[in-house]
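One-letter residues, chain by chain:
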Amino acid sequence: MNRSIIFFYKNAFIILLISLTPVVLWSAIEPKRIGLWILETSPFFIGMIAILKSYKHFPLTPFTYLSIFIGSVLVLIGAHYSYSHVPFCDLVKNSFGFTRNNFDKIGHFFQGFVTAVITKEFLYRKKIMNSRLWMNFFTISFSIALSAVYEIFEWFGVVFLIFFNFKKSSADFLGAQGYRWDTQSDMFLAAIGAIIAIVIFGKYHEKKIKHFLSIKYKL
């Protein structure tokens, strides 16, 4: 087997960390509000700590690490500018006459996608469920549930900021921009992301898991 492929599979996590480092540094330099940046990046850092602690005994496939990388970059961009003020989506908003900056919706879509990919890989490799139908159903359900947990975290974050009289930061952190169905649409897009991860990428992901395990045992 090609040594470069083996090297890539063996060091996919290290490649992920190296690739994310400059993005983290850029995101942390002069963000819109440092307190807001800390709140909005906290799920990212918690997730990275969890992956760091588990990668030695449960390394993930490059496909999963790539999904995590994309989701992480979106979080770091959103935290730097504040999700409601990402320049590219402001340009899209003005060009198409949208009433709000929709960068946060992209983030919630990938939140569901990435959660589903990680959950599916864990369940598939651990053989926790024999039925693929139930495994996929649980994966999608868990992704939606995690999205709901994030919305609760967001709510508590807003309460915290308002309590300490950071009303402008609380509005940016919530990111509703006057849209009354913001919370529901966030969870809906996370659900769509999870469904796409399972329905469209599910078989491809399983193929990559099998390939990864065949290489892993040769390392």
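To keep things clear, this report deals only with the structure shown in the data block. Because the structure is a prediction, the values reported are computed rather than measured.

## Describing the overall build of the protein chain
Okay, so step 1: When helices and strands are tallied, the protein chain shows 10 helices and zero strands.
Okay, so step 2: Mapped in sequence order, the helices and strands of the protein chain form the string α-α-α-α-α-α-α-α-α-α.
Okay, so step 3: Buried positions account for 42% of the 219 residues belonging to the protein chain.
Okay, so step 4: Look at the contacts in the protein chain between residues 6 or more apart in sequence, and 75% of them connect residues 24 or more apart.
Okay, so step 5: A total accessible area of about 12500 Å² is found for the protein chain, and carbon and sulfur atoms account for 71% of it.

## Description of a nonpolar patch on the surface
Okay, so step 1: Among the surface-exposed residues, Ile195, Val199, Ile200, Phe201 and Tyr204 lie close enough to one another that they form a single nonpolar patch of about 470 Å² accessible area.
Okay, so step 2: Here Val199 shows up in helix 9 (residues 182–199).
Okay, so step 3: With relative accessibility at 62%, the residue Val199 sits in the exposed group.

## Re the nonpolar core
Okay, so step 1: Ranked by size, the top nonpolar core spans 16 residues in total, and within it Leu16, Leu20, Met48, Tyr65 and Ile68 carry the most contacts.
Okay, so step 2: Looking at this core, the elements that each hand over two or more residues are helix 2 (12–28), helix 3 (34–54) and helix 4 (62–81).
Okay, so step 3: Of all hydrophobic cores here, the second largest spans eight residues; its members include Phe113, Ala116, Val117 and Ala194.

## Some words on the environment of Phe13
Okay, so step 1: Tracing the backbone through its elements, the reader meets Phe13 in helix 2.
Okay, so step 2: Given a relative accessible area of 3%, Phe13 falls into the buried group.

Definitions and cut-offs
Residues numbered from 1 in each chain as written. Predicted model: local features only at pLDDT ≥ 70, side-chain atom pairs only at ≥ 80, totals over all residues. Heavy atoms only, no water. Helix = DSSP H or I, 4+ residues; strand = E, 2+ residues; numbered from the N terminus. Buried < 20%, exposed > 50% of the residue type's maximum accessible area, 1.4 Å probe, protein only. Contact = heavy atoms within 4.5 Å. Areas by Shrake-Rupley, 256 points an atom, 1.4 Å probe, with all protein chains shown as cover. Patch = residues over 30% accessible without salt bridge, like charges linked within 9 Å, V, L, I, M, F, W, Y side chains within 5 Å. Salt bridge = Lys/Arg side-chain N within 4 Å of Asp/Glu carboxyl O. Core = buried A, V, L, I, M, F, W, Y, C linked by side-chain atoms within 4.5 Å.

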